[in-house]
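Listed below are the residues making up each chain.
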Amino acid sequence: MRAPADGYTLLVIGTTAAINATLFEKLNYNFIRDIAPVASIIRVPHVMQVNPSLPVTTVPEFIAYAKANPGKISMGSGGNGSPAHVIGEHFKMMTGVNLVHVPYRGGAPVLTDLIGGQIQVAFIDMAGSIEYIRAGKLRALAVTTATRSEALPDIPTIGDFVPGFEASQWVGLGAPKNTRSEIIGKLNTEINAGLVDPKLKARFADLGSMVLPGSAADFGKLIADDTEKWGKVIKFSGAKPE
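Only a predicted model underlies this, so the values are computations on that prediction, with no experimental measurement involved.

Peer 1: Sorry if this is basic, but what is going on with the overall build of the protein here?
Peer 2: Each helix and strand in the protein was counted, giving 9 helices and 8 strands. The C-alpha atoms of the protein give a radius of gyration of 18 Å, which matches the 18 Å a tight globule of 242 residues would have. On the principal axes, the C-alpha backbone points of the protein span a range of 55 × 45 × 30 Å. Here the protein holds 242 residues, and the buried ones make up 50% of them. Sequence-distant contacts, at least 24 apart, represent 77% of the contacts inside the protein between residues at least 6 apart.

Peer 1: Looking at this structure, how should I read the pattern of salt bridges?
Peer 2: It is possible for side chains bearing opposite charge to pair when their charged atoms get close. All chains considered together, the criterion is met by 11 salt bridges. Of the charged contacts in the structure, one is a salt bridge between Lys229 and Asp226, with a shortest N-O distance of 4.0 Å. With a gap of 3 residues between them, Lys229 and Asp226 both fall in helix 9 (residues 216-237), about one helical turn apart. For Lys232, the salt bridge goes to Glu228, with nearest N and O atoms at 3.8 Å. Of the two residues, Lys232 and Glu228 both sit in helix 9, 4 residues apart, roughly one turn of that helix. One network of salt bridges, with partners in common, ties together Arg43, Glu166, Asp226 and Lys229.

Peer 1: Is there a simple way to explain the nonpolar core in this structure?
Peer 2: Soluble globular proteins: nonpolar side chains tend toward being buried together. Met48, Phe62, Phe91 and Val121 are the most contacted members of the largest nonpolar core, which has 39 residues in total. Secondary-structure elements contributing two or more residues to this core are helix 1 (16-23), strand 2 (35-50), helix 3 (59-68), strand 3 (73-77), helix 4 (83-95), strand 5 (121-125), strand 6 (139-143) and helix 9. The element contributing the most residues to this core is helix 9, with 6 residues. In this view, Phe62 contacts Met48, Val50, Leu54, Val56, Ile73, Phe91, Leu99, Val121 and Leu141; residues no more than four positions away in its chain are not counted.

Peer 1: Quick question: what am I supposed to make of helix 6 (residues 126-134) here?
Peer 2: The α-helix advances 3.6 residues per turn, and as a result positions three or four apart in sequence lie on the same side. Of all the residues in helix 6, the buried ones are Met126, Ser129, Ile130 and Ile133. Down the axis of helix 6, the smallest arc covering the buried residues is 130 degrees, so these residues share one side. Its buried side turned inward, helix 6 meets strand 2, helix 5 (107-116), strand 5 and strand 6. A positive phi of about 80 degrees marks Gly136, the residue just after helix 6.

Peer 1: Help me out: how do you make sense of the pairing of strand 3 in this one?
Peer 2: The buried fraction of strand 3 is high, at 5 of 5 residues. The two faces of strand 3 match: Ile73, Met75 and Ser77 on one face and Ser74 and Gly76 on the other face are all buried. Direction of pairing for strand 3 relative to strand 4 (residues 99-103): parallel, over a ladder of 5 bridges. Within the sheet, the bridge partner assigned to Gly76 lies in strand 4 and is Val102. The sheet contact formed by strand 3 and strand 5 spans 2 bridges and is parallel. Residue pairing across strands places Met75 opposite Val121, the latter belonging to strand 5.

Peer 1: Just checking my understanding: could you explain the packing of aromatic side chains for this structure?
Peer 2: For any pair of aromatic rings, the description consists of the separation of the ring centres together with the inter-plane angle of the planes. Summed over the entire model, instances satisfying the criterion amount to 4 aromatic pairs. Centroid distance Phe91 to Phe123: 5.4 Å. Interplanar angle 50 degrees. Geometry classified as tilted. Here Phe123 lies in strand 5 and Phe91 lies in helix 4, a separation of 32 residues in the sequence. Phe123 shares its class with Phe91; the two are buried.

Conventions used here
- Along each chain, the written sequence defines residue order, and numbers are assigned to residues from 1.
- Reporting in this predicted model follows two pLDDT cut-offs: at least 70 for local features of residues, and 80 or more for side-chain atom pairs to be given and counted; totals over whole chains, interfaces and linings ignore these cut-offs and use all residues.
- Derived side-chain values reflect all non-hydrogen atoms in the structure, with water molecules and hydrogen atoms excluded from consideration.
- In DSSP terms, a helix is any run of H or I states spanning at least four residues, a strand is any run of E spanning at least two, and both are numbered starting from the N terminus.
- Here the globule rule is a power law, 2.2 Å times the number of residues to the power 0.38, and the radius of gyration is based on C-alpha atoms.
- Type-normalised accessible area, obtained with a 1.4 Å probe on protein chains alone, sets the label of each residue: buried when under 20%, exposed when over 50%, and partly exposed for intermediate values.
- Here, two residues are considered to be in contact whenever any of their heavy atoms come within 4.5 Å of each other.
- One speaks of a salt bridge when a side-chain nitrogen belonging to Lys or Arg is within 4 Å of a carboxyl oxygen belonging to Asp or Glu.
- Nonpolar cores are built from buried Ala, Val, Leu, Ile, Met, Phe, Trp, Tyr and Cys residues. Side-chain atoms within 4.5 Å join them into one set.
- Taken from the helix axis, the directions to the C-beta atoms give the arc we talk about.
- Strand pairing is assigned whenever DSSP detects at least two bridges linking the two strands.
- Pairing of aromatic rings covers Phe, Tyr and Trp, the last counted by its six-membered ring, and requires centre-to-centre distances within 6.5 Å; plane angles under 30 degrees mean stacked, over 60 mean edge-to-face, and any other angle means tilted.

Okay, structure coming up:
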């Protein structure tokens, strides 16, 4: 925030910036006020996945099973306020199911315990879990984005069963708030030119991500919209930082 606004110091920003605005009661900055959006780069789907021993194969079956067994299904995440946590809470809010949140210190132990059956469901980013899904160690029920993922084209979206559901992570670049518009415009143009490169798109797809081109204004709207959305979810869940 206090770096020279000359276009040479940029900040890699992600969904946590939108989550933290509500998760933390006091921050010494206001993200939307203090950081100028430059360009979005990728969108990262999460996957609603369960241990294969759970007797469900679809989202409707999961919802029915969870409602028949309230408070008996454990949902793991990488910690309070992590993207996997708030996406799971968003699912709970929109479906009315009662899942017990189990926060871990990072995503790796979530995968370990989900595979081991200590927890039953998690909303894990695709890059971290796609190989386990392909190997049959985890069962993917749905992706969290509005559209299907090229990496798992046979897996439906949660929105196919829960109208209006969309949740994902994004990554982009920001700059100090007073960076001149022509500098931001130049950076945005070059980043978007890079995002159409077939090799780059293919590499991101291999990692379970999709490129997210757009204007600086588009990115600013995404940040603002997600800040509002995750604010409602945080308040619904009562999540507090660890």
